[in-house]
Amino acid sequence: MDAAEAERFLDGPLGAMPAEHSDAPRGRRSQRGRRSQEGAEASRGRRSHDGGEGARGRRRASDNDDAVWAASTDDLAEAARAGRRGRAAADGGDQSDAFAASGTHTESGSWEASGASGASGASGSEEFAVASGSRKRRRTPRSDWQFPLLTEMGLRPERQRLIVIIATVIGVVAGATGLVAVVGSLGDYAPERQANAAVLGPDAALPMVYQGWSAPKLFASLADRAKDSRELTEKEVFGQSELVVSKKLKLKLVAKRLDADCSAALWGTTLLEKASDAECTQAARGLYASSDGRYVGQYTLLNLKDGQSAGDLVESLKTHYRGGWARPLTASKATFRAGGYSEGGGYALGHYVGLVWLGKTDGLDPTAKDDFVSLTLAMRGAEKSVYRRVVAITGPAS
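My aim in this report is to walk through the structure given alongside it, one point at a time. (Residues numbered from 1 in each chain as written. Predicted model: local features only at pLDDT ≥ 70, side-chain atom pairs only at ≥ 80, totals over all residues. Heavy atoms only, no water.)

### Re the environment of Leu 302
Then comes step 1: Take Leu 302: it is sitting in strand S8 (residues 295-303).
Then comes step 2: Residue class for Leu 302 comes out buried when judged on its relative accessible area of 0%.
Then comes step 3: It is 8.7 Å that separates the C-alpha atoms of Leu 302 and Ala 275, two residues lying 27 residues apart in sequence.
Then comes step 4: If we skip the residues at most four places from it in the chain, Leu 302 touches Leu 266, Cys 280, Gln 282, Ala 283, His 351, Tyr 352, Val 353 and Leu 355. (Helix = DSSP H or I, 4+ residues; strand = E, 2+ residues; numbered from the N terminus. Buried < 20%, exposed > 50% of the residue type's maximum accessible area, 1.4 Å probe, protein only. Contact = heavy atoms within 4.5 Å.)

### Digging into the sheet that holds strand S7 (residues 282-290)
Paired through backbone hydrogen bonds, the strands of a sheet run either parallel or antiparallel to each other.
Then comes step 1: In space, the seven strands of this open sheet follow the order S3-S10-S11-S8-S7-S5-S4, with mixed pairing throughout. Bordering the open sheet on either side are strand S3 (209-213) and strand S4 (242-244), each of which pairs with just one other strand. The sheet shows a mean angle of 20 degrees between the axes of neighbouring strands, direction not considered.
Then comes step 2: Relative to S8, S7 is paired through eight bridges, and the arrangement is antiparallel. What sits directly across from Gln 282, in S8, is Asn 303.
Then comes step 3: Here helix H9 (residues 307-320) sits on the sheet in contact with S3, strand S10 (342-349) and strand S11 (352-360), set at roughly 155 degrees to S3. (Pairing = 2+ DSSP bridges. Axes fitted to C-alpha atoms, helices over the stretch in contact; angles between N-to-C directions.)

### Details of a nonpolar patch on the surface
Then comes step 1: Residues Leu 162, Ile 166 and Ile 170 make up a contiguous nonpolar surface patch of about 290 Å² in total accessible area.
Then comes step 2: In this fold, Ile 170 is placed in helix H6 (residues 157-186). (Patch = residues over 30% accessible without salt bridge, like charges linked within 9 Å, V, L, I, M, F, W, Y side chains within 5 Å. Areas by Shrake-Rupley, 256 points an atom, 1.4 Å probe, with all protein chains shown as cover. Salt bridge = Lys/Arg side-chain N within 4 Å of Asp/Glu carboxyl O.)

### A closer look at the packing of helix H8 (residues 269-277) against H9
The description of two packed helices rests on the angle between their axes and on the distance between the axes.
Then comes step 1: One way to put it is that H8 packs onto H9 with a least axis distance of 10 Å and a crossing angle of 175 degrees. As the angle between them shows, H8 and H9 are arranged roughly antiparallel. Across the interface between the two elements, Thr 270, Leu 271, Lys 274 and Ala 275 from H8 touch Asp 312, Leu 313, Ser 316, Leu 317 and His 320 from H9. (Parallel < 35°, antiparallel > 145°, perpendicular 65-115°, else oblique.)

### Quick look at the pattern of salt bridges
Then comes step 1: Enumeration over the complete set of coordinates arrives at 11 salt bridges.
Then comes step 2: Across the salt bridge formed by Glu 236 and Arg 230, the nearest N and O atoms sit 3.8 Å from each other.
Then comes step 3: Residue classification places Arg 230 among the partly exposed residues on the basis of a relative accessible area of 48%.
Then comes step 4: Look at the salt bridges and you will find they share partners, linking Asp 228, Arg 230, Glu 236 and Arg 389 into a network.

### Quick look at the nonpolar core
Then comes step 1: Judged by nonpolar contacts, the single largest core of 34 residues is most densely connected at Leu 266, Leu 287, Leu 302, Leu 304, Leu 317, Trp 325 and Val 353.
Then comes step 2: Taken together, the elements giving at least two residues each to this core come down to strand S6 (266-267), H8, S7, S8, H9, strand S9 (325-326) and S11.
Then comes step 3: Here the element with the most residues in this core is H9; it accounts for four residues.
Then comes step 4: Excluding residues that lie within four positions of it along the chain, Val 353 makes contacts with Thr 300, Leu 301, Leu 302, Leu 304, Ala 310, Leu 313, Val 314 and Tyr 347.
Then comes step 5: Counting residues in hydrophobic clusters, the runner-up holds 27 residues, among them Leu 222, Tyr 288, Tyr 295 and Leu 349. (Core = buried A, V, L, I, M, F, W, Y, C linked by side-chain atoms within 4.5 Å.)

### Thoughts on the side chain of Arg 285
Then comes step 1: Mapped onto the secondary structure, Arg 285 falls in strand S7.
Then comes step 2: Assessed through its relative accessible area of 2%, Arg 285 is described here as buried.
Then comes step 3: Here the side chain of Arg 285 touches Asp 259 through a polar contact of 3.1 Å, side chain to side chain. (Polar contact = N/O pair within 3.5 Å; in protein donor to acceptor, adjacent residues only side chain to side chain.)

Here is the structure:
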């Protein structure tokens, strides 16, 4: 290239390059392209060759496997037919069933296992899956509230627990109800009472205080009623119309009564039972009023079978006197005020019992000026009849 052409190249556009400078690169690119094409064709040829050989090899291996499998299945079929013939000869079984249990030989030479083997395989797969799952998950611990019967009914442990709690509560309530019923049936006992032995009401007059005394030795001769069989009389017991307390104070007899039925003179379950057990045959009562009108008193004498019974009755009143006592006589001049203060005393006198009852007519508590001791000793003047009986048995003192 001369100087003029070089100057035109430098001053002109890129496309003005001389022909010899542009041809050389195109020749090299063409050569590289031919080499790449030749390499690709060679590579495809090798892969085709290798693939063909590999496919033919695999087909040959498959043919060999099919031949081996066909031979083995022929052997199995023959063994199955032999076994079928043997079983048919042994028990006359159905040959078709035996062949179905062993397997089926298809037209293509393959062997199809019976449904039993398929089911066995499926079962094995399920067992494997369960075993695998048990290694991955912790089994939930069994609840303590599970009972076989309730579980078979499809109840969850929570519901079973609820049922057990409800059943327990019902059982406790039923047991308590039954116990109450049994106790109630055992408590139906009521002692037989006579028509005139009704219990007094809550406003009945009763002693607030009671004291009891056993029999002195003086009355030992009267311990047995068989030795003192003579009955009491009103005149004998209440022969005195006045009892002296002091020079200025006297007790006047305002009412008297003698009953052959002791239940007419007494009230209260325990006291009536004691009197009945003691074979009480007489009850003498006398009502007194003080001369100054401030006091009221009553003396009751009971005729029992023996001294032991008399002592037991006096002793029992220490506990039960608020639940049973002598019935008060009534009179216009003397009345025990209901709910008012009064005192009681019991005395065993051989086979007799003397009950002293003393109170104020106004029902108030006694004060220092109220001499209940002197009043009690005066009322016991009715016991002179008993002392006379002692003398009648033992004789006068020498």
